[in-house]
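Given next are the chains, with one letter for each unit.
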Amino acid sequence: MLLIACVNVANLVLSKSISRQKEIAVRSSLGASSRAIFFQFFTETMLLAIPGGLLGVGVGYLMLRGVVAVMPPNTLPAEANLHLSLPILLFTLAATVAAGLLFGCVPAWYASHFDPAEGLKEGGRSGIGVRSQSLRRTLVGGEFALALALLTGAGLTIHSFWNLMRVDLGIQTDHVLSFGLQVPDSRFHKPDQIVGYYRQLLTNIESVAGVSNAAATVGSPLEWPGMGMLFTIAGKSVPADPLQGTGSAFDMVTPGYFRTFGVRILTGRAFTEQDDASSVRVAMVNEDFVQRFLKGMDPFKQRLIVNEAIPDSNKLRRVEWHIVGVFQDVRIGEHHRMEPEVLLPFAQSPRSSAAIGVRTAADPASMVKAIAAAVHKIDPQVALATPRTLDQVRDDELAHDRFTMILFTSFGVIALALASVGIYGVMSFSVAQRSQEIAIRMALGASQSRVVRLVVKEGALLGCFGFGIGLAGSFFVARAMQGILFGVGAMDWSAFGAVGLVLMTAALMACYIPARRAASIDPMVALRAE
């Protein structure tokens, strides 16, 4: 964006110097040296750069406030204090001055090396006109190339966010309230006490009017799948070291888990109340688990061997779990990734702290007080931790992707506006310089539509030139952004096509006003002025 803005300034200063050819010729004829003319234009450029930098500080402060307002929570550590500090202000002013030095010198050099004799000729159209016109067109092409790179980033993030919004999460997020219960381990002495506590708690929640199902789970749907544990498949070599094996996410859930969260069972059966501590230990695995570890095998003939801690001991024991069902993948995390997951009956592997999911008929957010009262009726000492609807959980998980999309889109829109201003300025100046030529064309019979096509064609060629250069850069931008995109390849032709269409449309619109101005030239007035 800084480069695009600097190119615009360079173009304007260059155009200004060309329009002052006669003034420069007169100054040179009266004895002004090339050095004096150079420093005159250079000083004028710096007088624009410094106030512009100071004004930009104020705009930057407002933009910083806006970025902080839309930034997702926990993006930065609590110690971070975003403000415009003195070093940042000095850097900003230094960058502005450097940009003025760099992009102000070229037009100043052109002006100082201008031939006075050419400027004093009638019309003053020759001299540095051809070279400066080529330079200005090259600069505008570079603007469009840079704008295309930023617009590509915006297009890719929008496409990625669109994919995230449409992806099948594996659960139904509507009408579900989720909250945690931090119950101290010291509250229970035996596993059956934990099971009885949560069974009574869920029964009381389901008795609330408007509640259809409730379930307990150690993990949190859409956020984290439970706890990581090591396992081996029965029949394969079992590591001698119990701390070795294959890792997977394990979650302990009550039988109402599937109805509450709308998780589909693909094959096999779900857990029931009969899957308790006295029955055969059973497990369910997701699709990703089957694809990674049980590909080409019948999952219902497999058993998982898991090392579990022996209560009141530092030792581990091997426990076998029989697979009885396969369920749909539930995506988790910011990028809705898939991970191998194993579900165990809560009654066969209870934990003191768990998350509660409640499916309601009405708006779940409006039932927080009623559900909290049902929990406090069983345990007045436990509070609901972070009660949120699953829709809110999903929005929170998408917050970083939404922020990235807004950021890149803002950059892309500003870059597009700057590039459009650049091509508008070049085409306006070109029309002003070619007024005599256009007047002669119209005097010889050229129609207004033909003049419009002539100007628009020139602007379209500039846009195509920038698009061709920027397309290669856009590919590298897409490659660099792969880590933050979802379902978008390095060669996303849909995003490239949409961005190219927007860019070319902006170029044509920026050319339209100068083209109409050219078509409205009165040949007699223009030729009389010449």
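Here goes a summary of the coordinates provided. Just so it is clear, the model here is predicted, and its values are computed rather than measured.

### Overview of the packing of helix 12 (residues 399-433) against helix 14 (residues 448-480)
Helix 14 packs onto helix 12 with a crossing angle of 145° between their chain directions and a minimal axis gap of 11 Å. Considering only the axes of helix 12 and helix 14, their crossing is right-handed. Where helix 12 approaches helix 14, its residues Ile 423, Val 426, Met 427, Ser 430 and Val 431 are matched on the opposing element by Val 455, Glu 458, Gly 459, Leu 462 and Gly 463. For the contact of helix 12 with helix 14, the residue count by class is 6 nonpolar, 3 polar and 1 charged.

### Here we look at empty space enclosed by the protein
Taken as a whole, this structure holds 2 cavities of 30 Å³ or more when the rule is applied. When its volume is computed, the largest cavity comes out at roughly 60 Å³. Thr 217, Ser 220, Pro 221, Leu 222, Trp 224, Pro 225, Asp 251, Tyr 257, Val 330, Ile 332 and Glu 341 together form the lining of the largest cavity. For the second largest cavity, the calculated volume is near 40 Å³. What lines the second largest cavity is simply Thr 157, Ser 160, Phe 161, Asp 401, Thr 404 and Ile 484. At 3 residues, helix 6 (residues 129-166) tops the list of elements feeding residues into the lining of the second largest cavity.

### So, the layout of surface pockets
Here the largest pocket defines a volume of roughly 1400 Å³. For the largest pocket, the lining is made up of 39 residues, of which Met 1, Leu 2, Gly 56, Val 59 and Met 63 are closest to its centre. Listing elements by their share of the lining of the largest pocket, those giving two or more residues are helix 1 (2-19), helix 3 (34-70), helix 4 (86-112) and helix 12. Counting residues per element, the lining of the largest pocket draws most heavily on helix 3, which supplies 16 residues. Of the residues assigned to the lining of the largest pocket, the class counts are 28 nonpolar, 11 polar and no charged.

### Focus: the packing of aromatic side chains
Tallying each qualifying case throughout the model produces 13 aromatic pairs. Between the aromatic rings of Tyr 257 and Phe 258, the centroid separation amounts to 5.3 Å while the plane-to-plane angle is 90°, which identifies the pairing as edge-to-face. Note on Phe 258: relative accessible area 6%, which makes it buried. Three or more aromatic residues joined by ring pairs form one cluster here, namely Tyr 257, Phe 258, Phe 261, Phe 271 and Phe 327.

### Quick word on a nonpolar patch on the surface
On the surface, Met 1, Leu 55, Val 59, Met 63, Phe 411 and Ile 414 cluster together to form a nonpolar patch covering roughly 510 Å² of accessible area. Going through the elements one at a time, helix 3 and helix 12 are the ones with two or more residues in the nonpolar patch. Element by element, the count of residues in the nonpolar patch is highest for helix 3, at 3 residues. Relative to the elements of secondary structure, Phe 411 occurs in helix 12.

### Here we look at unusual backbone geometry
Despite not being glycine, His 175 shows a phi value in the positive range, around 55°. Within the secondary structure layout, His 175 lies in the loop between helix 6 and strand 1 (176-181). The phi torsion at Thr 386 lies on the positive side, around 50°, for a residue other than glycine. Checked against the element boundaries, Thr 386 lands in strand 11 (residues 385-389).

### Some thoughts on helix 15 (residues 493-519)
Taking 1.5 Å per residue, 27 residues should reach 39 Å; helix 15 reaches 37 Å between its end C-alpha atoms and fits that length. The axis of helix 15 is deflected most strongly, by about 30°, at Tyr 512, and proline Pro 514 appears within four residues downstream.

### Looking at the side chain of Gln 328
Among the secondary structure elements, Gln 328 is positioned in the loop between strand 8 (316-327) and strand 9 (341-345). We classify Gln 328 as buried; its relative accessible area is 8%. In this structure the side chain of Gln 328 is engaged in a polar contact, spanning 2.7 Å, whose partner is the side chain of Asp 168. Ignoring anything within four residues of it in the chain, the contact list for Gln 328 reads Asp 168, Gly 170, Val 263, Arg 264, Leu 266, Asn 286 and Glu 287.

### So, the environment of Ala 498
Among the structural elements, Ala 498 can be located in helix 15. Classification of Ala 498 by relative accessible area gives partly exposed; the value is 42%. On a C-alpha basis, the gap between Ala 498 and Thr 152 in space is 9.1 Å, while along the polypeptide they are 346 residues apart.

Calculation notes
- Per chain, residues are indexed from 1 in the order of the written sequence.
- Local features are withheld for residues below a pLDDT of 70 in this predicted model, meaning they are given only at 70 or higher, and side-chain atom pairs are given and counted only at 80 or more; totals for whole chains, interfaces and linings count all residues.
- Only hydrogens and water are set aside when side-chain values are computed; all heavy atoms of the structure are taken into account.
- To obtain each axis, a line is fitted to C-alpha atoms, and for helices this fit is confined to the stretch in contact; angles are then taken between N-to-C directions over 0 to 180 degrees.
- Helix and strand assignments come from DSSP, with helices taken as H or I runs of at least 4 residues and strands as E runs of at least 2, each series counted from the N terminus.
- Two helices cross in a left-handed way if the nearer one is turned anticlockwise from the farther one by less than a right angle. They cross in a right-handed way if the turn is clockwise.
- When checking whether two residues touch, look at their non-hydrogen atoms; a contact exists if any pair is within 4.5 Å.
- The residue classification treats Ala, Val, Leu, Ile, Met, Phe, Trp, Tyr, Cys and Pro as nonpolar and Asp, Glu, Lys and Arg as charged. All others, Gly included, are polar.
- Within this scheme a cavity is a closed region of a 1 Å grid, computed over the protein atoms alone, that accommodates a 1.4 Å probe without allowing it to escape, whereas a pocket is open but has protein on both sides within 12 Å along at least five of seven lines; lining residues each have an atom within 4 Å of a point.
- Grid points are joined across faces, edges and corners, and a volume is the space filled by probe spheres set on the points.
- Pairing of aromatic rings covers Phe, Tyr and the six-membered ring of Trp, with a centre-to-centre limit of 6.5 Å; geometry is then stacked below 30 degrees between planes, edge-to-face above 60, and tilted otherwise.
- Partly exposed describes any residue whose relative accessible area lies between the buried limit of under 20% and the exposed limit of over 50%, with all areas from a 1.4 Å probe on protein chains only and scaled to the type maximum.
- The residues that make up patches have over 30% relative accessible area and no salt bridge, and they are joined within 9 Å when like-charged or within 5 Å when they are Val, Leu, Ile, Met, Phe, Trp or Tyr.
- Where accessible areas are quoted, they stem from the Shrake-Rupley method and a 1.4 Å probe; at the residue level, only the protein chains shown are allowed to cover.
- Any carboxyl oxygen of Asp or Glu that lies within 4 Å of a side-chain nitrogen of Lys or Arg is treated as forming a salt bridge with it.
- To estimate how far a helix should reach, multiply one less than its number of residues by 1.5 Å.
- The angle between axes fitted to the seven residues ending at a residue and the seven residues starting there is what we call the bend at that residue.
- Under the rule applied, a polar contact is a pair of N or O atoms within 3.5 Å (in protein, one hydrogen donor and one hydrogen acceptor; residues adjacent in sequence only if both atoms are side-chain atoms).

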